Amino acid sequence: MLQAYLGRAGLKTLCLERSRAIGGGLATIEHPRWPGYRHNIHSFFHRALDQMPWYRELELERRGASYLEPELNVALLLKSGDALCWWTDFERTVESFAQFSARDAATLTRWREAFVPILEKILGPESRRPPQHPDERRAALEKTAEGRLLLETSALSPLEFVEREFTHPVAKAGLLFFNGLREVDLRLRGFGHHIPALLASPAKAQMCVGGAARLTDALAQAVRGSGGEIRTSCEPKRMVLERGRVVGVETTEGELIRSRFLASSLNPQQTFVDLLDGPSELQENARKFEYNLLAPLFALNLVLKAPPRYRTLEKPFMVILGLERYEQFNDIVRHHEEGRIPPTVMWGACPTLFDATQAPAGGHTAFMWEKLPYRLRSGDWDSVRDAHAGEMLELWTQYAPNLADDTVGWFARSPLDTERELPNMRGGDLLVGSFANGQVGYDRPFRGAGQYRTPIEGLYLCGSSCHPGGNITGLPGYNAAQVLLADLGLSQFGPRH
Ligand SMILES: Cc1cc2nc3c(=O)[nH]c(=O)nc-3n(C[C@H](O)[C@H](O)[C@H](O)COP(=O)(O)OP(=O)(O)OC[C@H]3O[C@@H](n4cnc5c(N)ncnc54)[C@H](O)[C@@H]3O)c2cc1C
């Protein structure tokens, strides 16, 4: 993202990527045993990316990206066959909540209405620009009724918000599940606004036609179109400093690449400890950067003759299974803390129900994800992975019995596999750093460092360890580009005419 914007401003850019393929969390692969079946092994559910400013400004649609937003967007399927459903049409979502609790359905509407202006005027713009100092932010928020409601709500944790506002165990479970999808710890005070903000958001789960890697391809085209170069299988060994300023990198092959500035999308440990012989205070801050206990994902990917058929759902996009009551979250947290595998709660989709291009004619793919601890108290992921995948498939088959006959093959990926492939996701943390430990906004990755600049002249940060955090949003790179271009005196930002 950053590279595309710098190229548009006329700068000569080079990206170094350690893997053979670019894209990181935007990957679509084919398993060698089942050619033609495409699997999105990292991100799949992309939230309203086609409404992002960069999507439009970089003309990604013209470069081959396109998005689908299925109507029955999310369904929490219960053992009874009942389902709590989120539709792209909010009124239908309210009807679904009302089947469980009329009172909760009314609460849902009330909070949504209260938060639509908060999202439009405050939270949305905040995510698309470098963060303000917390004191200035608070002072600004205190001046308006919307700002004050935001401050009041965010003083709670998501769990406290849900417990205070909602009554039905299934409604509470569904809302807390949503909260967890964005890797916000349900116990974390300061995030009580997260659920009403999700309710207010017009952004629903989307999928990229052809697979997540199509977005990578479109971005790469934008980069190359502005003269940028991308080098794969190329890993920096160290950043080179001269008189306290970064002047380039040396690669593991021993090549010295000089540059006017560097932008690192890696986590603080990689950037400030592994690659830089910088001041000890900086290294200390980087070492203290914390990762999420509850973000690592285990993935089961299926190759199918037919899509999963659920008894009561016609064409659901995201399906949540194994979640019946909100108290299960306490149990899941405890299991993570103890390094044990909890009773399975999983979610996933069948991409080929909506996009036939992701499998050969008549074939299908589907996947389920489960949040599981990175460190197991007994055993290791390489030895327990396939057995656990088998248990997930067994559970899935209870909800979609045709999987017993229609599954042609499967493969699984553990939190350890994620970290091996994407080492910036330390401990398998797909958010690349938690929001705990004060690592939010102006103080992400650490105190006062949320402006994408670093104390080392010429060195910038642009990855998910910065504001607004991980998941596929493009916003850390988009915001970092604003800062870098401003520092270079190139104020150009936004569409070039
Ligand atoms: C199983 C799984 C499912 C997910 N599902 C979703 C989802 O549905 N929706 C969503 O929004 N997000 C999802 N995510 C999270 C999302 O993928 C990440 O938050 C996002 O990719 C982080 O972006 P990033 O650019 O900071 O890091 P990355 O995407 O990891 O990119 C970092 C890049 O740097 C490269 N790299 C790492 N170390 C070095 C080095 N030393 N030298 C050179 N290059 C290096 C990597 O190879 C990679 O290409 C998922 C993640 C996982 C693992």
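Everything below is about the structure shown above.
Residues numbered from 1 in each chain as written. Predicted model: local features only at pLDDT ≥ 70, side-chain atom pairs only at ≥ 80, totals over all residues. Heavy atoms only, no water.

### What about the pairing of strand β6 (residues 72-77)?
Phase 1 of the analysis: In terms of burial, β6 is largely enclosed, as six of its six residues are buried.
Phase 2 of the analysis: Pairing analysis gives four bridges linking β6 to strand β15 (residues 318-321), with the strands arranged parallel. The residue of β15 that forms the bridge with Leu-77 is Leu-321. (Buried < 20%, exposed > 50% of the residue type's maximum accessible area, 1.4 Å probe, protein only. Helix = DSSP H or I, 4+ residues; strand = E, 2+ residues; numbered from the N terminus. Pairing = 2+ DSSP bridges.)

### Describing the site of the ligand
Phase 1 of the analysis: If you check the shell around the ligand, you find 28 residues, and the closest are Glu-17, Leu-430, Ser-464, Asn-471 and Ile-472.
Phase 2 of the analysis: At 2.6 Å, a side-chain N or O of Ser-464 approaches an oxygen atom of the ligand.
Phase 3 of the analysis: In isolation the ligand has 1000 Å² of accessible area, and contact with the protein removes 91% of it.
Phase 4 of the analysis: Tallied by class, the residues present in the shell around the ligand amount to 13 nonpolar, eleven polar and four charged. (Near = heavy atom within 4 Å. Polar contact = N/O pair within 3.5 Å; in protein donor to acceptor, adjacent residues only side chain to side chain. Areas by Shrake-Rupley, 256 points an atom, 1.4 Å probe, with all protein chains shown as cover. Nonpolar A, V, L, I, M, F, W, Y, C, P; charged D, E, K, R; others polar.)

### Considerations on the nonpolar core
Phase 1 of the analysis: The biggest cluster of nonpolar side chains holds 65 residues, and the ones touching the most others in it are Phe-45 and Trp-347.
Phase 2 of the analysis: For Phe-45, the contacting residues outside a window of four places in its chain are Arg-182, Ala-205, Gln-206, Phe-317, Met-318, Trp-347, Gly-348, Ala-349, Phe-367 and Trp-369.
Phase 3 of the analysis: Counting 51 residues, the second largest nonpolar core, distinct from the first, contains Ala-212, Ala-218, Leu-275 and Val-483. (Core = buried A, V, L, I, M, F, W, Y, C linked by side-chain atoms within 4.5 Å. Contact = heavy atoms within 4.5 Å.)

### Some words on the sheet that holds strand β12 (residues 256-258)
Across a sheet, paired strands are connected by hydrogen bonds in the backbone, their directions being either parallel or antiparallel.
Phase 1 of the analysis: In space, the three strands of this open sheet follow the order β10-β11-β12, with antiparallel pairing throughout. Among the strands making up the open sheet, the edge pair consists of β10 (236-242) and β12. For this sheet the average axis-to-axis angle between neighbouring strands, irrespective of direction, equals 30°.
Phase 2 of the analysis: Both strand β11 (residues 245-251) and β12 contribute to a ladder of three bridges, which runs antiparallel. Bridge pairing in β12 places Glu-250 opposite Leu-256. (Axes fitted to C-alpha atoms, helices over the stretch in contact; angles between N-to-C directions.)

### Examining the sheet that holds strand β5 (residues 67-68)
Phase 1 of the analysis: Spatially, β4-β8-β5 is the arrangement adopted by the three strands of the open sheet, whose pairing is antiparallel. Where the open sheet ends on each side, the last strands, each with one partner, are β4 (46-47) and β5.
Phase 2 of the analysis: In terms of strand pairing, β5 meets strand β8 (residues 205-208) through two bridges, oriented antiparallel. Bridge pairing links Leu-68 to Met-207 in β8.

### Some remarks on the pattern of salt bridges
Phase 1 of the analysis: As enumerated under the stated definition, the model contains 26 salt bridges in all.
Phase 2 of the analysis: For Asp-331, the salt bridge identified is with Arg-334, shortest N-O distance 2.7 Å. Taken together, the residues Asp-331 and Arg-334, both in helix α13 (residues 328-338) and three residues apart, mark about one turn of the helix.
Phase 3 of the analysis: The exposure class of Asp-331 is partly exposed, given its relative accessible area of 22%.
Phase 4 of the analysis: With a relative accessible area of 40%, Arg-334 lands in the partly exposed category. (Salt bridge = Lys/Arg side-chain N within 4 Å of Asp/Glu carboxyl O.)

### Comments concerning the packing of helix α7 (residues 158-165) against helix α8 (residues 169-181)
Phase 1 of the analysis: Running from N to C, α7 and α8 point in directions that differ by 160°, and their axes come no closer than 10 Å. Here α8 runs roughly antiparallel to α7, going by the angle between their axes. Considering how the two elements wind past one another, α7 and α8 form a crossing that is right-handed. The residues of α8 that touch α7, namely those facing Pro-158, Leu-159, Val-162 and Glu-163, are Lys-172, Leu-175, Leu-176 and Asn-179. (Parallel < 35°, antiparallel > 145°, perpendicular 65-115°, else oblique. Left-handed = near helix turned anticlockwise from the far one by under 90°.)

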